[in-house]
Every structure is written in C-alpha cells, then in structure tokens.
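What follows is each chain in one-letter form.
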Amino acid sequence: MLHRFLYSFVLGSVMLTVLACKDTSKPTISQTKITFKKEGELSIYKSTSDTLKKHLDIEISDTDYERQTGLMYRDGMTPNQGMLFIFKDETKRFFYMKNTKIPLDIIYIGANKRIVSFKTNAKPFDETSLPSEVPAKYVLEVNAGLARKWELEKGDTLLW
C-alpha cells in the first residue's frame, strides 16, 4: 500500500513538473514583425490636368483576412508606400485604427478610381469609426500628412 502511494506521488510530481516547465506560449501576430510586401504600383493624377502627382509602391489587401488586418501591428511605412484595399462592391466604407501603430491618411476611392473622400491624420489605436462620405470600392492608406503634402483632392484619379 505504501509502495503504491509513493509510486503515485512520484509519478504525479514528475507530471506536474513537466507540465509546469512546458512553454505553452505561442507567438501572436502582434509579436511578429510584419514588413511591407510590394505587390504593385499606383499613380495618382490631378483631376483637372492629368498631371502625375505621386507614384507609390503598394501592398494589396483583397481577401477578407487582409482587409480586416490591414496595417495593424506594423511599425511604419516609407513615404512612397501604401496599402490598397480592394472590395467586390461599392458601398459606404468604415475604417478604424484598432491595433494600428502608425498615423494614417485614409483615402476613399470610387469604382471609377477617383478619390471620393478622405480621413486625414487618423490616430493610432483609435477605434472611432472613420466612414467614407459616399460609397467607395477601394481604399488607400498612406502615412498621415501625405494627402495634404501631395495636395490630393476629390476627383483625382488613381491608376494601378
């Protein structure tokens, strides 16, 4: 009887030690460094003269997961980079800055690839809804302040 008790005690102690020492933590997306992946190029043209305003490298977000994640958890982008969100339909869009570390300008684009509205200087981690003023089929996110610096206006055309 004592022998069985000691055996159970030792076995239980060993199992407890193994389980206690096991590393059960899994890396999360917020612990993984996410880098920019160039998937295309985009040009922005002035609406009144078709003059080239800016040329960018873009990362494309066209799956549900990519659109939901966007630029979350990123440490930054260079001024010549942006993320282009592509949707299947044209409707009013709502973006927010949950888990987004960098301030952004959010540029809403209609099905005709013309700018329809902006949300500038979106604050990092702010979960306030940032809706488009009218329906949009595409959305371009760039570093905050660039829409103003590039003098973007409603009606400017984007080609990619």
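Given the structure is predicted, the values throughout are model-derived calculations rather than measurements.

What counts as what
- Counting restarts for each chain: residues are numbered from 1 in the order of the written sequence.
- It should be noted that, the model being predicted, local features are given only for residues of pLDDT at least 70 and side-chain atom pairs only at 80 or more, the latter also being counted only at that level, while totals for whole chains, interfaces and linings use all residues.
- To get the side-chain values, all heavy atoms of the structure are used, and hydrogens and water are removed first.
- Summary of the burial criterion: residues with accessible area below 20% of their type's maximum are buried, those above 50% are exposed, and those between are partly exposed, where the area comes from a 1.4 Å probe applied to protein chains only.
- Each helix corresponds to a stretch of at least 4 residues labelled H or I by DSSP, and each strand to a stretch of at least 2 residues labelled E; elements are numbered beginning at the N terminus.
- Note on pairing: two strands pair once DSSP finds at least 2 bridges between them.
- To obtain an axis, a line is fitted to C-alpha atoms, over the contacting stretch when the element is a helix, and the angle between two such axes runs from 0 to 180 degrees between their N-to-C directions.

**Q** Describe the pairing of strand β8 (residues 136–143), with residues and values.
**A** Summarising burial for β8: seven of the eight residues are buried, a large majority. Across five bridges, the pairing between strand β3 (residues 81–91) and β8 is antiparallel. Bridged to Met83 within β8 is Glu141.

**Q** A description of the sheet that holds β3 should follow, citing residues and the corresponding values.
**A** In space, the seven strands of this open sheet follow the order β6-β5-β8-β3-β2-β1-β9, with mixed pairing throughout. Taken across any chain shown, the strands that pair with only one partner, and hence form the sheet edges, are β6 (115–122) and β9 (157–159). Across this sheet, the average inter-strand angle for adjacent strands is 30°, counted without regard to direction. Here strand β5 (residues 104–109) runs beside β8; their pairing, made up of six bridges, is antiparallel. Its bridge partner being in β8, Leu104 is matched across the sheet by Asn143.

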